Amino acid sequence: MGSPFCSTYHNYIGSLSAKVNVIVVSVDYRLAPEHLVAAAYEDSWAALKWVASHFKISAHGYETWLNTRANFTCVFTR
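Predicted model only: the values in this text are computed from it and were never measured.

A. Structural detail: a nonpolar patch on the surface. Taken together, the side chains of Tyr12, Leu16, Val20, Val22 and Val24 present a nonpolar region at the surface, about 410 Å² in accessible area. Along the chain, Val22 falls in the loop between helix 1 (7–20) and helix 2 (37–53).

Take a look at the structure:
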């Protein structure tokens, strides 16, 4: 699709998430040929771990809005 910093992409994801009432985490992962393919997987894994850090009962993540608004029992990855 494009970078999360692209206004077209950002507006599309914002509109889609509002219509279906979901929270979207868009990862700006590193791309080839500047980086090895594994870098994209590492960046995606780091983002998933960041989201998961907010789910822990005893150690909520530092994004208060995510802690209070997200239903972490319904997380989907793609």
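B. Representation of the confidence of the model for the protein in the model. Per-residue pLDDT for the protein averages 82, and the proportion of residues at 70 or more is 90%. Averaged over each element, pLDDT in the protein is lowest for helix 3 (residues 64–69) (81) and highest for helix 1 (90).

C. Representation of the environment of Asp43 within the structure. Inspection of the secondary structure assignment puts Asp43 in helix 2. Through-space distance from the C-alpha of Asp43 to that of Asp28 is 7.9 Å; in sequence the pair is 15 residues apart. Asp43 has contacts with Val27, Tyr29 and Arg30, leaving out every residue within four places of it along the chain.

D. Structural detail: the layout of surface pockets. Reported here for the second largest pocket is a volume of approximately 160 Å³. If you go around the second largest pocket, the residues you meet are Pro4, Tyr9, His10, Ile13, Gly14, Ser17, Val24 and Ser26. Its residues assigned to classes, the lining of the second largest pocket shows four nonpolar, four polar and no charged.

E. Local environment of the pattern of salt bridges. Applying the stated criterion across every chain yields a total of two salt bridges. Of the charged contacts, one joins Arg30 and Glu42 as a salt bridge, the two residues approaching to 3.5 Å between their closest N and O atoms. Linking Arg30 in the loop between helix 1 and helix 2 with Glu42 in helix 2, this pair joins segments that are 12 residues apart in sequence. A relative accessible area of 33% places Arg30 in the partly exposed class.

F. A look at unusual backbone geometry. Following Ala32, the chain continues to Pro33 via a peptide bond in cis, the omega torsion being 5 degrees. You can see Pro33 is positioned in the loop between helix 1 and helix 2. Phi at Asn21 is positive, roughly 55 degrees, even though this residue is not glycine. Of note, Asn21 is situated in the loop between helix 1 and helix 2.

Rules behind the numbers
Residues numbered from 1 in each chain as written. Predicted model: local features only at pLDDT ≥ 70, side-chain atom pairs only at ≥ 80, totals over all residues. Heavy atoms only, no water. Patch = residues over 30% accessible without salt bridge, like charges linked within 9 Å, V, L, I, M, F, W, Y side chains within 5 Å. Areas by Shrake-Rupley, 256 points an atom, 1.4 Å probe, with all protein chains shown as cover. Salt bridge = Lys/Arg side-chain N within 4 Å of Asp/Glu carboxyl O. Helix = DSSP H or I, 4+ residues; strand = E, 2+ residues; numbered from the N terminus. pLDDT = per-residue confidence, 0-100. Contact = heavy atoms within 4.5 Å. 1 Å grid on protein atoms, 1.4 Å probe; cavity = no way out; pocket = protein on both sides within 12 Å on 5 of 7 lines; lining within 4 Å. Points joined across faces, edges and corners; volume = space filled by probe spheres on them. Nonpolar A, V, L, I, M, F, W, Y, C, P; charged D, E, K, R; others polar. Buried < 20%, exposed > 50% of the residue type's maximum accessible area, 1.4 Å probe, protein only.

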